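Coordinate inspection notes
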Amino acid sequence: MTGTPQLDFALDTYECIVLYPGPAGRVLPKETVQRLQAEHTAHMRALQRRGLVLVAGSIDGPAREPAPPIGIGLARTGSVEDVRSVMEADPAVQAGLYMVDVLTFLCPAGSLEFPLVKTDS
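Now for a quick tour of the structure.

Cut-offs and rules
- Residues numbered from 1 in each chain as written.
- Predicted model: local features only at pLDDT ≥ 70, side-chain atom pairs only at ≥ 80, totals over all residues.
- Heavy atoms only, no water.
- Salt bridge = Lys/Arg side-chain N within 4 Å of Asp/Glu carboxyl O.
- Helix = DSSP H or I, 4+ residues; strand = E, 2+ residues; numbered from the N terminus.
- Buried < 20%, exposed > 50% of the residue type's maximum accessible area, 1.4 Å probe, protein only.
- Pairing = 2+ DSSP bridges.
- Phe/Tyr/Trp six-rings, centres within 6.5 Å; stacked < 30°, edge-to-face > 60°.
- Lys NZ or Arg CZ within 6 Å of the ring centre and 35° of its normal.

1. A look at the pattern of salt bridges
Close approach of charged atoms allows side chains with opposite charge to pair. A complete count under the given rule lists three salt bridges for this structure. For R35, the salt bridge goes to E39, with nearest N and O atoms at 3.0 Å. Residue R35 and its partner E39 are both found in helix α1 (residues 30–49); the two are separated by four residues, about one turn of the helix. When its relative accessible area of 30% is taken as the criterion, E39 is described as partly exposed.

In structure tokens, the structure reads:
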């Protein structure tokens, strides 16, 4: 699908973050993987505190091969490129433990709420 579909209702637009296993994950020492996972978690929490990432979490369970997604998140900045840039700064992505893709996610306006996100009101 390319572009915004023509619908008779409004859409909200988000940036969908998808994490995949990276090429280095199978060769890195266990201690390095644990450190990078902790750094990844800290990076994501910092992005959430800044209000950049609305929600993020792991995916568990069987999925298609060769590279099933292992995590997803949603942001709402208006820029796939900006979100990709901050995600590529993730220490675990830089080390090759994870790979990241950022896509546009469209859904009916008002269908998602993020109660843990603090708003300035």
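2. Description of the pairing of strand β1 (residues 11–21)
Most of β1 sits out of view: eight of its eleven residues are buried. In the sheet, β1 pairs with strand β4 (residues 98–108) via eleven bridges, with the strands oriented antiparallel. Bridge pairing in β4 links E15 to T104. As defined by bridge partners, β1 adjoins strand β3 (residues 71–75) across five bridges and the pair is classed as antiparallel. Within the sheet, the bridge partner assigned to C16 lies in β3 and is L74.

3. Let's talk about the packing of aromatic side chains
The full count for this structure, using the stated rule, is two aromatic pairs. With 6.4 Å between their ring centres and 45° between their planes, Y14 and F105 make a pair best called tilted. Taken together, the residues span a long stretch of sequence, with Y14 in strand β1 and F105 in strand β4 at a distance of 91 residues. Site record: aromatic cluster; members linked through ring pairs are Y14, F105 and F114. The cationic tip of R76 hangs over the ring face of Y14; the distance from NZ or CZ to the ring centre is 4.9 Å.

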